[in-house]
Amino acid sequence: MQTRVVMLVDMDYFFAQCEELRNPVIRVKPVVVCVFSGRSEDSGAVSTSNYVARSYGVKSGMPIYLAKKKLENIDATFLPVDEKYYEEVSAKVMSILRKYADFFEQAGIDEAFLDVTQKTSGQFQEATELASKMKNELNTQLKLTCSIGIGPNKLVAKIAADERKPDGLTLIEPEQVQEFLSPMNVSRLLGVGIRTREKMQCLGINTVGELARYDTQRLNEVFGRTMGTYFHRAALGVDDEPVEERSEIESFSRISTLKQDSRDLNFIMETAERLCSEIHDTIVNEKTNFKTIGVIAIFKDLSPHTRSKTLESPTDSLEVLKKNTKKLFEKLFTETEDEARRVGVRVSNLSKEQKGQKQLTSFIQKRSE
Ligand code: DCP
Ligand code: CA
Ligand code: CA
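Predicted model, so just to flag it, every value in this text is computed and none were measured.

Visitor: Explain the coordination of the calcium ion (ligand 2) to me, and be specific about the residues and the numbers.
Guide: Distances from the calcium ion (ligand 2) to its protein donors, namely Asp10 (OD), Asp10 (OD), Met11 (O) and Asp110 (OD), fall within the range 2.2 to 3.1 Å. Each donor residue of the calcium ion (ligand 2) belongs to the same chain, with the gaps between them written as D-M-x98-D. The distance between the calcium ion (ligand 2) and the calcium ion (ligand 3) is 3.5 Å, with Asp10 acting as a donor to both metals. With respect to burial, Asp10 and Met11 carry one shared label: buried.

Given below as structure tokens:
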């Protein structure tokens, strides 16, 4: 396999930077963005803060009263989170980043992975130039700064991005990976939370290097095969997970010609149910969930008519698929008059399931929260 060139771009102190953006005068002061619980004036936790506030010891997750104590007698700004606004800024950021990638994967509100292997012809030096260009564009277009990690895979890119903040750029070439990771505490690895860290400590493992050298058999015994194997590979800086678009465009669909033209719901559902089952087989195979269901009816005059519905949450249920398909066709035929010649079903807004090897990272992310 060709060496990949992967970047992780993470926006600096994102929510607080967004606040500075719409009110630049606060920039020089400590800015603390808070999730107020509403129970009393100061109850709640710090979401994030700018680096000025951090220099006084303010941290994400800290109780608000504690942050206020750290900033006692200092002219600081405390603001409530405004996620809708941060989402808007995030969308602008992502549309700029996307242009620089061969493959793009948004990994959070303020970060994204970019596979730039083709764009850089596999040259890491070219990736640094690309990263500088990107930083420049973010700066001139949006007045925002970010930190970027570049490495041969997502795991290394992510850790590299954390290495220098704010406004950092860290390049780790394949031959530097071992040296880079070895001295780090195991807690830097995704999936190593407090309890895992303690367990590893008991085994005499503190650094990533020690973890890499540890007997794999024994790791599997302690953590189970899935996690044991993951820890061993992660410690070696090995990670095959592709940078993949979590696409809303991507979809699975089936279409079929009816035995005779019809607008009879029961007759149409005979065909539609078969299409649903076929789609369901595919999504089970692909270990995918869908959130949007769409139907199409192509009328005798070949005009296409579509209806769709987005569910509250993703699912892989055949029953949900059939039920909604029926509702959508019912709606479609109530709102139109002609007979259909062909009918189709489509699922989109796909997301990978939280099980199976492929989604190990998201599984770990969930677990470590
Ligand atoms: N966030 C939060 N609570 C946390 C961590 C994060 O509400 N415990 C929110 C606020 C952050 C945003 O998510 O602005 C992005 O999280 P990051 O971990 O990337 O942290 P920041 O962007 O704030 O800071 P950094 O400059 O360290 O990336
Ligand atoms: Ca960030
Ligand atoms: Ca982030």
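Visitor: Report on the side chain of Asp10, specifying residues and quantitative values.
Guide: Take Asp10: it is sitting in strand S1 (residues 6–11). A polar contact of 3.2 Å, which involves the side chain of Asp10, links it to the side chain of Lys165.

Visitor: How would you summarise the nonpolar core if you had to cite specific residues and measurements?
Guide: Met7, Leu97 and Leu114 are the most contacted members of the largest nonpolar core, which has 36 residues in total. Of all elements in the fold, only S1, helix H1 (14–22), strand S2 (31–36), helix H4 (83–98), strand S6 (111–115), helix H5 (124–142) and strand S7 (146–151) reach the threshold of two or more residues within this core. Among residues more than four places away in sequence, those in contact with Met7 are Ala112, Phe113, Leu114, Val116, Ala127, Leu130, Ala131, Met134, Ile148, Gly149, Ile150 and Ala157. With 27 residues, the next largest nonpolar core counts Cys276, Ala340, Val343 and Leu350 among its residues.

Visitor: Which residues make up the coordination of the calcium ion (ligand 3), and what are the values?
Guide: Bound to the calcium ion (ligand 3) on the protein side are Asp10 (OD), Asp110 (OD) and Glu111 (OE), at distances that span 2.2 to 2.4 Å. Between consecutive donors of the calcium ion (ligand 3), the numbers of intervening residues give the motif D-x99-D-E.

Visitor: Account for the site of ligand 1, naming residues and giving values.
Guide: Neighbouring ligand 1 are 13 residues, the closest being Asp10, Tyr13, Ser47, Thr48 and Lys165. Between ligand 1 and Phe14 there is a distance of 2.9 Å, counted from an oxygen atom to a backbone nitrogen or oxygen. Measuring from an oxygen atom of ligand 1, one finds a side-chain N or O atom of Tyr51 at 2.8 Å. Within the residue set of the shell around ligand 1, elements represented by two or more residues are S1, H1, strand S3 (44–49) and helix H2 (51–54). Looking at side-chain class alone, the shell around ligand 1 contains five nonpolar, three polar and five charged residues.

Each value, and the rule that gives it
- Residues numbered from 1 in each chain as written.
- Chains lettered and ligands numbered in written order.
- Predicted model: local features only at pLDDT ≥ 70, side-chain atom pairs only at ≥ 80, totals over all residues.
- Heavy atoms only, no water.
- Donors = N, O, S within 2.8 Å, 3.2 Å for Na, K, Ca; no water.
- Buried < 20%, exposed > 50% of the residue type's maximum accessible area, 1.4 Å probe, protein only.
- Helix = DSSP H or I, 4+ residues; strand = E, 2+ residues; numbered from the N terminus.
- Polar contact = N/O pair within 3.5 Å; in protein donor to acceptor, adjacent residues only side chain to side chain.
- Core = buried A, V, L, I, M, F, W, Y, C linked by side-chain atoms within 4.5 Å.
- Contact = heavy atoms within 4.5 Å.
- Near = heavy atom within 4 Å.
- Nonpolar A, V, L, I, M, F, W, Y, C, P; charged D, E, K, R; others polar.

Keep in mind these numbers describe shape, not what the thing actually does.
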